[in-house]
Amino acid sequence: MTYSKFLTQNRHKSVFYFRSLIPVHLRPYFASKKYLKRTTETSNKIDATHRARQLRCYCHDLFLTLEADMKKRRRSESPKTITTGLVTGPFGDIDFGGDSCPKGRKKEIKLYKEQLKFAKQNPELAKAMLSSRSSNAPVASKAAVQPPVCCTEVFDQLITRLQSRVGSRENGLSEKTFNEYLPRYKFWSEALKDVNAADVNRAMVADIHSWLHDLTPGFSKLGMSVTQAVDLAKAQQSTKVLSAKSFNNYALPFTAFLDQCYKLGIHTEKLTDLFERRDDKSGTTIKRLPFTDNDIKLIFPGERYVTAIKKYGHSNPIAARFWVPLIAFYSGARLEEICQLTVGDVVTDADTGIQYFNITTGESADGKKQRLKNQNSERPIPVHSKLIETGFNTYLTGLLADKSQNLFGLKRSSNGSYGKEIGRWFSLKSKTTKGYIERMGVVSSGVDETGHAWSKSFHSIRHTVVDNLRDEKFLPNGQRVTITDIALLVGHIDDLPEAKLQTNKYGLGQRQLKVRRDLVENIIFDSISGLNYNN
């Protein structure tokens, strides 16, 4: 059977929909509808076809069930209308009729393994759902006979699934992101601990959407429990309310819960779309600007640079204050990429003699895995000759006894980052505190002539480096430095073609190191001079 014939697309051509014709004599069950229609949630036709195969099997089973129900029913009895359309769930017996498509078979095996894993982790729930599906009761009453499932159980499943993605190469999460998500999942698990998942209906979703706006931001830091914070929000007695961004962050786990309930067959309709997120981009966007030549002179005041950094930022090692901004200006690397480097991450290639920073996912100084923003961030960055002139190798020599230690003596902060404190030291601006660049006279925020806000921070260094390389720079072979070359150096995955991205992961050949060295040496700042770490 060609399952693609059951597929249609929306007017934007962005998503495929499954559509199946309802037999005429069964249409009274569906309020005289002619078709059953469901989204496949994908714009890929191959994936949509596999999803259509699964949905078609469910349709077939549904129609057979209704046929049997029709035979039992007296002629004088009218069939009960099915308002839910399709009955779906993870435990149905799907017969694909010996389909010869290898990819389709792999999908079937993957689905079966997921079902088996879920059943092992939740034996009681799986047993209850199996007995519910094997019941001879009419389809419309399945939701009624399904045993109650606590909301906490569903959230436990979601947390387990989320945790399984940490460190995964496919659709993976970083440990930092997981730790950011986890408190909000636990919030909902506690807030709905006394509620059965099947009792969450349209009215309750609307009520939750209403009081969530009034939830007190940072209630746990104020010593409030989840129950107290929710009660206060429902009474609309909170002195502060959630911002649009925070509201959407709390909405994410709750909509994931609604989606999971629908997939498990606990809910007969998809309630996710009822929980609308707020527009968090309606405010003025703050534009991040690069540093000007005058700014760079203020940041690196020649021989006075060492004196200036010693004066401000005593909580951070002097080596970190000296080298981290300088390395960023002469490499375009991100703050965390630099700060998590160990002594062993400074490598000299045996064939070319090129010294480079090995930006990788290896072990950091505390034994944990280093974190990178994207797959193209893993790259070698040759050490700029200006850094060597400034005394970097002399500094490095004194650390070689322990190659596992952090290159700058930094320690991981409470949020799991090595660069947090250096970033705050460099560009923090508040009512009571100024960062290093503000103290040195750099204006770090303002409004342009059109009324749009702008700012300058440590990340502005990357913008500065990219602009510097765009300024009529040429490689030794006479070719002009292109945006692709810049993306290769600074790890901008969006600007790197797929072919180049794949090539980037294949070893550290001599040619690749030489090309990267030539790119790095094209970073030239006349405003930086007179620096010496040994002064």
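This text follows the structure it describes.
Please read these numbers as outputs of a predicted model, since none were measured by experiment.

Asks: What am I meant to see in helix α9 (residues 244-263) here?
Replies: Think of an α-helix as 3.6 residues a turn; residues three or four steps apart then line up on the same face. Between its first and last C-alpha, α9 extends 28 Å over 20 residues, near the 28 Å set by a 1.5 Å rise per residue. Within α9, the axis deviates most sharply at Ala251, by approximately 25°, and proline Pro253 lies no more than four positions further along. In terms of burial, α9 is largely enclosed, as 15 of its 20 residues are buried. Positive phi shows up at Gly265, right after α9, with a value of about 85°.

Asks: Is there a simple way to think about the packing of helix α12 (residues 318-329) against helix α16 (residues 420-427) in this case?
Replies: Angle between the axes and distance between the axes are the two parameters that describe a pair of packed helices. Between α12 and α16, whose axes approach to 11 Å, the crossing angle comes to 80°. Relative to α16, the element α12 lies roughly perpendicular. Here Ala320, Arg321, Val324 and Pro325 of α12 come into contact with α16, specifically with Ile422, Trp425 and Phe426.

Asks: It is not clear to me how the environment of Lys193 should be interpreted in this structure. Could you clarify?
Replies: Mapped onto the secondary structure, Lys193 falls in the loop between α6 (175-191) and α7 (202-212). Lys193 sits in the partly exposed class, given a relative accessible area of 37%. Discounting residues that sit within four places of it in the chain, Lys193 has contacts with Cys150 and Thr152.

Asks: Can you walk me through the packing of aromatic side chains in this structure?
Replies: Aromatic ring pairs: the centre-centre distance and the angle between the two ring planes describe each pair. With the rule as written, the count across this model stands at 27 aromatic pairs. Note on Phe187 and Trp188: the rings are 5.2 Å apart at their centroids and 75° apart in plane angle, and the pair reads as edge-to-face. Look at Phe187 and you get buried, because its relative accessible area is 3%. Trp188 sits in the buried class, given a relative accessible area of 0%. The positively charged end of Arg19 is found above the aromatic ring belonging to Tyr35, 4.3 Å away from the centroid. For the cation-ring pair, Lys37 lies above Tyr17, with the distance from its terminal atom to the ring centre recorded as 4.9 Å.

Quick notes on the rules
Residues numbered from 1 in each chain as written. Predicted model: local features only at pLDDT ≥ 70, side-chain atom pairs only at ≥ 80, totals over all residues. Heavy atoms only, no water. Helix = DSSP H or I, 4+ residues; strand = E, 2+ residues; numbered from the N terminus. Expected span 1.5 Å × (residues − 1). Bend = angle between axes of the 7 residues up to and from the residue. Buried < 20%, exposed > 50% of the residue type's maximum accessible area, 1.4 Å probe, protein only. Axes fitted to C-alpha atoms, helices over the stretch in contact; angles between N-to-C directions. Parallel < 35°, antiparallel > 145°, perpendicular 65-115°, else oblique. Contact = heavy atoms within 4.5 Å. Phe/Tyr/Trp six-rings, centres within 6.5 Å; stacked < 30°, edge-to-face > 60°. Lys NZ or Arg CZ within 6 Å of the ring centre and 35° of its normal.

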